[in-house]
Number of protein chains: 2
Amino acid sequence: MENETVSLESIINNNLNGRDLEEFNRIYYGRTDNHEVKLKESSIAAAKEADFEIAAYAFPAKKEQTRTPRIVKVGVIQHSIAAPTDRPVNEQKKAIFDKVKKIIDVAGQEGVNIICFQELWNMPFAFCTREKQPWCEFAESAEEGPTTRFLSELAAKYAMVFVSSILERDENHSDILWNTAVIISDTGSVIGKHRKNHIPRVGDFNESNYYMEGNTGHPVFATRYGKIAVNICFGRHHVLNWMMFGQNGAEIVFNPSATIAAEAGSEYMWNIEARNAAITNCYYTAAINRVGYEEFPNEFTSADGKPAHKDLGLFYGSSYFTGPDGVRCPGLSRTKDGLLIAVMDLNKNRQIKDRRCYYMTQRLDMYVSSLSKVLELDYKPQVVHENEK
Amino acid sequence: MENETVSLESIINNNLNGRDLEEFNRIYYGRTDNHEVKLKESSIAAAKEADFEIAAYAFPAKKEQTRTPRIVKVGVIQHSIAAPTDRPVNEQKKAIFDKVKKIIDVAGQEGVNIICFQELWNMPFAFCTREKQPWCEFAESAEEGPTTRFLSELAAKYAMVFVSSILERDENHSDILWNTAVIISDTGSVIGKHRKNHIPRVGDFNESNYYMEGNTGHPVFATRYGKIAVNICFGRHHVLNWMMFGQNGAEIVFNPSATIAAEAGSEYMWNIEARNAAITNCYYTAAINRVGYEEFPNEFTSADGKPAHKDLGLFYGSSYFTGPDGVRCPGLSRTKDGLLIAVMDLNKNRQIKDRRCYYMTQRLDMYVSSLSKVLELDYKPQVVHENEK
């Protein structure tokens with residue numbers, strides 16, 4: 001990875017200064033002061049020792065007369081896999097647990113309240129292979145699997161909420177698989193789960209061979225620290241998925257993802273989609289992507305006319321937060337494990353709603369009526385031709 | 001305006017080079033070759049003479065076996081007002097016509113097929129004053145007003161389609177006003193019109209004192225050069241507005257706007273919203289903003305606790321195009337009149353739809369059902385609490 005660009009942020013900070021840098025930051029991020037939050041010396045040392053990046057930024061709100069500030073520390077963790085993909089399934093999983101635990105421990109020391117990982121954080125993103133074995137063996141029970149047990153213990157220890165995206169085995173429904181986010185409360189119990197609503201059919205993302213569209217609606221989880229929801233990976237391209245979490249009162253929506261930089265990849269859209277969702281829905285969003293290259297034992301093709309190969313290309317990290325006003329913080333790097341912390345005042349959501357009136361002006365009745373017509377098999381689009389009168 | 005930053009693009013091009021510049025362009029725009037299109041010497045000379053910026057970029061598509069390329073030249077024009085706001089209404093309008101005609105003539109020489117202007121391009125954006133006179137006198141008939149007549153002549157001359165955002169006087173319905181985009185065909189006749197669906201209630205944008213939410217649905221206009229639609233200004237914050245134009249088959253959606261850089265302004269969202277719309281709806285978008293400061297005769301306050309003043313702040317221009325894949329071109333400057341041309345292959349829309357399957361995977365039936373429940377007065381959001389079983 002030595003030749004990979006570290007981040008758009010690093011390019012900017014290495015080349016711009018003075019008013020140019022200020023103006024870039026104002027136009028790009030939405031502010032010139034990035035509101036960096038000081039970290040403990042011990043956290044910085046631990047991050048250095050375990051070779052991961054760490055950074056924290058504040059998203060302050062205005063003082064109100066009738067509510068006290070609602071400050072929440074939210075962390076996202078991006079990481080590469082920790083053992084070769086030809087090692088036994090449980091060994092691969094354990095190696096990831098061991099690595100990520102060090103990051104969680106630092107988050108615990110920093111007083112982080114909620115943590116979200118990348119999509120399917122406890123396994124390689126193996127769907128590019130279209131092989132069923134051994135990858136299906138990574139699936140586990142959302143309520144009682146080893147990943148949930150691992151996190152429950154840390155949740156109780158640090159009074160920390162976890163959003164854990166895993167491959168779920170549904171034993172009560174004929175052993176089928178789901179792509180599921182498990183929400184573990186600060187007491188260590190499972191609050192609930194949400195299953196990925198939109199499954200890709202593009203490039204190497206052959207997920208539709210493994211699991212179907214989710215059947216859990218758009219739940220918002222009322223945690224001790226705020227109302228949260230999860231828009232899993234491909235759902236970030238779907239504005240209605242984001243919208244329904246907003247309608248259900250989400251204050252923070254996480255987008256755990258696995259997405260790549262390769263040709264026709266998503267990298268130039270990464271700053272756009274989770275950020276647009278924050279703007280239009282007036283809530284905080286967190287976009288989390290995995291990091292690194294994942295090489296598989298058998299070669300596979302990518303339906304792009306190119307020779308067979310053994311990896312998907314770079315997962316480019318770049319995880320970041322956006323406030324309900326659309327202002328974002330600098331992201332983590334494209335290349336390295338990391339913990340990014342946002343110190344959010346959740347009062348900001350309603351302040352922005354009051355200011356911008358996007359919900360009040362959205363004319364939902366008109367769209368329910370229009371979209372229900374679109375569903376008709378003989379739908380006639382509203383098209384105006386010249387001289388048609 | 002001497003102290004204003006020219007553009008984010010100029011900051012980047014003045015400070016970055018080599019691989020840093022390439023990587024920035026790849027991550028930000030979505031490509032490293034900006035596909036600049038050569039302009040005629042005479043166009044460059046005319047633009048210099050009339051003091052406006054001119055640039056053109058291509059958005060190529062792949063060659064197909066069963067369709068020939070569908071190349072369309074689309075222009076957007078951004079401009080400042082041309083006479084002081086205390087001059088007679090008709091004189092102000094005429095001054096803008098005279099200035100903009102020079103830009104249209106150059107577009108005609110370049111073979112531009114479709115042109116869209118900024119929001120209410122033929123008048124100052126006077127709603128900040130909350131005064132009704134003389135601003136309401138800028139309103140005119142969409143079908144037969146002086147602005148439509150002015151453009152109809154040029155449309156026929158250059159076989160050019162115009163998207164013309166004006167203040168409409170509806171004489172057949174009790175003289176009421178609308179914020180309306182008029183679509184003038186390449187033959188010079190009016191194809192139809194669309195009225196702004198979402199009216200702001202924020203900052204100095206007191207438009208809700210002047211006109212109501214539009215009643216024309218989400219029409220797509222089948223022009224000689226392609227199917228086009230108009231999402232007027234504030235509608236860019238509303239993802240359903242963008243979506244319905246896509247459902248109706250729009251290939252290019254214009255977003256004529258009037259938006260400012262001032263505190264809590266929209267500048268850091270400008271690269272996000274029209275671009276997200278292009279991505280999620282797989283169509284081309286064009287975001288057009290007015291330029292410059294507009295000083296009004298009487299002072300007004302901005303509901304921000306600050307002293308009364310006579311202008312809104314800088315309209316920051318920065319008009320740009322995005323392809324259906326989300327790749328964008330460099331924008332026009334923040335400070336100067338300009339003509340930006342995109343040479344689009346409209347075949348790209350279906351290519352991206354086939355590749356990404358966003359429409360196929362959007363689960364519209366689920367959302368029609370969910371959103372219709374949201375409309376109920378006693379709607380209970382889907383919220384999951386710990387231990388609620």
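Refer to the structure printed above.
What you are looking at is a predicted structure, and each value in this text was computed from that prediction instead of being measured.

Basis of the calculations
Residues numbered from 1 in each chain as written. Chains lettered and ligands numbered in written order. Predicted model: local features only at pLDDT ≥ 70, side-chain atom pairs only at ≥ 80, totals over all residues. Heavy atoms only, no water. Helix = DSSP H or I, 4+ residues; strand = E, 2+ residues; numbered from the N terminus. Buried < 20%, exposed > 50% of the residue type's maximum accessible area, 1.4 Å probe, protein only. Contact = heavy atoms within 4.5 Å. Areas by Shrake-Rupley, 256 points an atom, 1.4 Å probe, with all protein chains shown as cover. Pairing = 2+ DSSP bridges. Right-handed = clockwise from strand over helix to strand, strands pointing away. Least-squares fit on C-alpha atoms with pLDDT ≥ 70 in both. Buried area = accessible area lost by both parts, 1.4 Å probe. Salt bridge = Lys/Arg side-chain N within 4 Å of Asp/Glu carboxyl O. Axes fitted to C-alpha atoms, helices over the stretch in contact; angles between N-to-C directions. Polar contact = N/O pair within 3.5 Å; in protein donor to acceptor, adjacent residues only side chain to side chain. Disulfide = S-S within 2.5 Å. Phe/Tyr/Trp six-rings, centres within 6.5 Å; stacked < 30°, edge-to-face > 60°. Lys NZ or Arg CZ within 6 Å of the ring centre and 35° of its normal. Parallel < 35°, antiparallel > 145°, perpendicular 65-115°, else oblique. Left-handed = near helix turned anticlockwise from the far one by under 90°. Nonpolar A, V, L, I, M, F, W, Y, C, P; charged D, E, K, R; others polar.

1. Focus: the overall build of chain A
If you tally the helices and strands in chain A, you get nine helices and 17 strands. The principal-axis extent of the C-alpha atoms belonging to chain A is close to 65 × 55 × 45 Å. Burial statistics for chain A: of 389 residues in total, 65% are counted as buried. Long-range contacts, defined as pairs at least 24 residues apart, comprise 70% of the intrachain contacts of chain A with a sequence gap of at least 6. Total accessible area on chain A stands at roughly 14700 Å², and carbon and sulfur atoms take up 48% of it.

2. Focus on the pairing of strand β2 (residues 71-78) of chain B
All names here are of chain B. Counting buried positions over the eight residues of β2 gives six, a clear majority of the element. Sheet topology places β2 next to strand β16 (residues 338-345); eight bridges connect them, and they run antiparallel. The residue bridging G75 from the neighbouring strand is I341, located in β16. Here β2 pairs with strand β3 (residues 114-117) via four bridges, running parallel. The residue of β3 that forms the bridge with V74 is I114. Tracing the backbone out of β2, into helix α4 (residues 89-109) and back to the parallel element β3 gives a crossover that is right-handed.

3. A short note on the relation of the copies chain A and chain B
Screw-axis analysis of chain A against chain B gives a translation of 0.0 Å along the axis, an RMSD of 0.0 Å, and a rotation angle of 180 degrees. The transformation relating the two chain copies, once decomposed into turn and shift, fits a two-fold axis. Most of the interface of chain A is mirrored in chain B, where 99% of its interface residues again form contacts.

4. As for helix α8 (residues 347-356) of chain B
Residue and element names in this part refer to chain B. All buried positions along α8 are accounted for by N347, K348, N349, I352 and R356. On the buried face of α8, the contacting elements are α7 (270-281), β10 (284-289) and β16. Immediately downstream of α8, the backbone of C357 shows phi near 60 degrees, a positive value.

5. Section: the interface of chain A and chain B
Each partner contributes to the interface: chain A provides 89 residues, whereas chain B provides 88 residues. Between chain A and chain B, roughly 8100 Å² of surface is buried when both sides are summed, and carbon and sulfur atoms account for 62% of that area. Notably, a salt bridge pairs R26 of chain A with E267 of chain B, separated by 2.8 Å at the nearest N-O pair. Among the secondary structure elements, those contributing two or more residues to the side of chain A that touches chain B are α1 (8-15), α2 (18-28), β7 (220-223), α6 (239-247), α7 (270-281), α8 (347-356), α9 (364-374) and β17 (383-385) of chain A. Looking at which element gives the most residues to the side of chain A that touches chain B, the answer is α9 of chain A, with nine residues. Where β7 of chain A meets strand β17 (residues 383-385) of chain B, three bridges bridge the pair, whose relative direction is parallel. Note that in β17 of chain B the partner of F221 of chain A across the bridge is V384 of chain B.

6. What to know about the sheet that holds β7 of chain A
Taken in spatial order, the six strands make up an open sheet running β15(A)-β10(A)-β9(A)-β8(A)-β7(A)-β17(B), and their pairing is mixed. If you trace the sheet from one side to the other, it starts and ends with β15 (320-322) of chain A together with β17 of chain B, each paired once. Averaged over all pairs of adjacent strands, the angle between strand axes in this sheet comes to 25 degrees, irrespective of strand direction. Here β7 of chain A runs beside strand β8 (residues 226-230) of chain A; their pairing, made up of three bridges, is antiparallel. Considered in β8 of chain A, the bridge of T223 of chain A is made with G226 of chain A.

7. Quick notes on the environment of Y211 of chain B
All names here are of chain B. In this structure, Y211 sits in the loop between β6 (190-195) and β7 (220-223). The spatial distance from the C-alpha of Y211 to the C-alpha of N17 is 48 Å, given a sequence separation of 194 residues. Residues within four places of Y211 in sequence aside, it is in contact with L120, F127, L167, L177, W178, N179, K196 and I199. A distance of 3.0 Å separates polar atoms of two side chains, one belonging to Y211 and the other to N179.

8. What to know about the environment of C128 of chain A
Residues and elements named next belong to chain A. Secondary-structure assignment places C128 in the loop between β3 (114-117) and α5 (146-158). According to the relative accessible area criterion, C128 is buried, its value standing at 0%. Setting aside anything within four residues of it in sequence, one finds C128 in contact with D204, N206, F296, F300 and L312.

9. Side note on the pattern of salt bridges
Taken as a whole and judged by the stated rule, the model has 50 salt bridges over all chains. Close ionic contact of E4 of chain A with R334 of chain A constitutes a salt bridge, the shortest N to O distance being 3.3 Å. Pair noted here: E4 of chain A is in the segment before α1 and R334 of chain A is in the loop between β15 and β16 (338-345), with a separation of 330 residues, a long-range link. Where D337 of chain B meets K99 of chain B, a salt bridge forms, and the shortest distance between an N and an O atom there is 2.8 Å.

10. Details of the state of the cysteines
By definition, a disulfide links the sulfur atoms of two cysteine residues through a covalent bond. All names here are of chain A. On inspection of all chains with the given rule, the structure shows zero disulfides over all chains. In this structure C128 is not part of a disulfide, and its nearest cysteine sulfur, from C233, lies 13 Å away. C233 carries a free sulfur, and the closest cysteine sulfur to it, the one in C116, is 12 Å from it. The exposure class assigned to C233 is buried, which follows from its relative accessible area of 5%.

11. Quick look at unusual backbone geometry
Geometrically, the link from Q133 of chain A to P134 of chain A is a cis peptide bond, its omega value of 0 degrees lying close to zero. Note on placement: P134 of chain A falls in the loop between β3 and α5. Backbone geometry places L120 of chain A, a non-glycine residue, at a positive phi of 45 degrees. You can see L120 of chain A is positioned in the loop between β3 and α5. Taking relative accessible area as the criterion, L120 of chain A reaches 0% and is therefore assigned buried. In this model, R130 of chain B sits at a positive phi of 60 degrees, which is unusual for a non-glycine residue.

12. With respect to the packing of aromatic side chains
All names here are of chain B. Within the structure shown, the criterion is met by 40 aromatic pairs over all chains. Of note, R290 hangs over the ring of F315, and the distance from its end group to the ring centre comes to 5.6 Å. In this arrangement the basic side chain of R328 is found over the ring face of Y320, its NZ or CZ atom lying 4.0 Å from the centre.

13. Quick look at the sheet that holds β16 of chain B
Residue and element names in this part refer to chain B. Here seven strands make up an open sheet; going across it, the order is β1-β16-β2-β3-β4-β5-β6 and the pairing mixed. What marks the edges here is a single partner per strand, and that holds for β1 (53-59) and β6. Each adjacent strand pair in this sheet contributes to an overall mean axis angle of 25 degrees, direction not counted. Pairing of β3 with strand β4 (residues 161-170), which is carried by three bridges, proceeds in the parallel orientation. When the bridges of β4 are listed, I115 appears paired with F162.

14. What to know about the side chain of Q362 of chain A
You can see Q362 of chain A is positioned in the loop between α8 and α9. Residues within four places of Q362 of chain A in sequence aside, it is in contact with M243, Q247 and Y367 of chain A together with H198 and H238 of chain B.

15. Remarks on the packing of helix α4 (residues 89-109) of chain A against α5 of chain A
Residues and elements named next belong to chain A. The N-to-C vectors of α4 and α5 enclose an angle of 15 degrees; their axes lie 11 Å apart at closest approach. Taken as axis vectors, α4 and α5 run roughly parallel relative to one another. Regarding α4 and α5, the two cross each other, and that crossing is right-handed. Facing K93, F97, K101, I104, D105, G108 and Q109 of α4, the residues of α5 in contact are P146, T147, F150, L151, L154, K157 and Y158. In terms of residue class, the contact of α4 with α5 is built from seven nonpolar, three polar and four charged.

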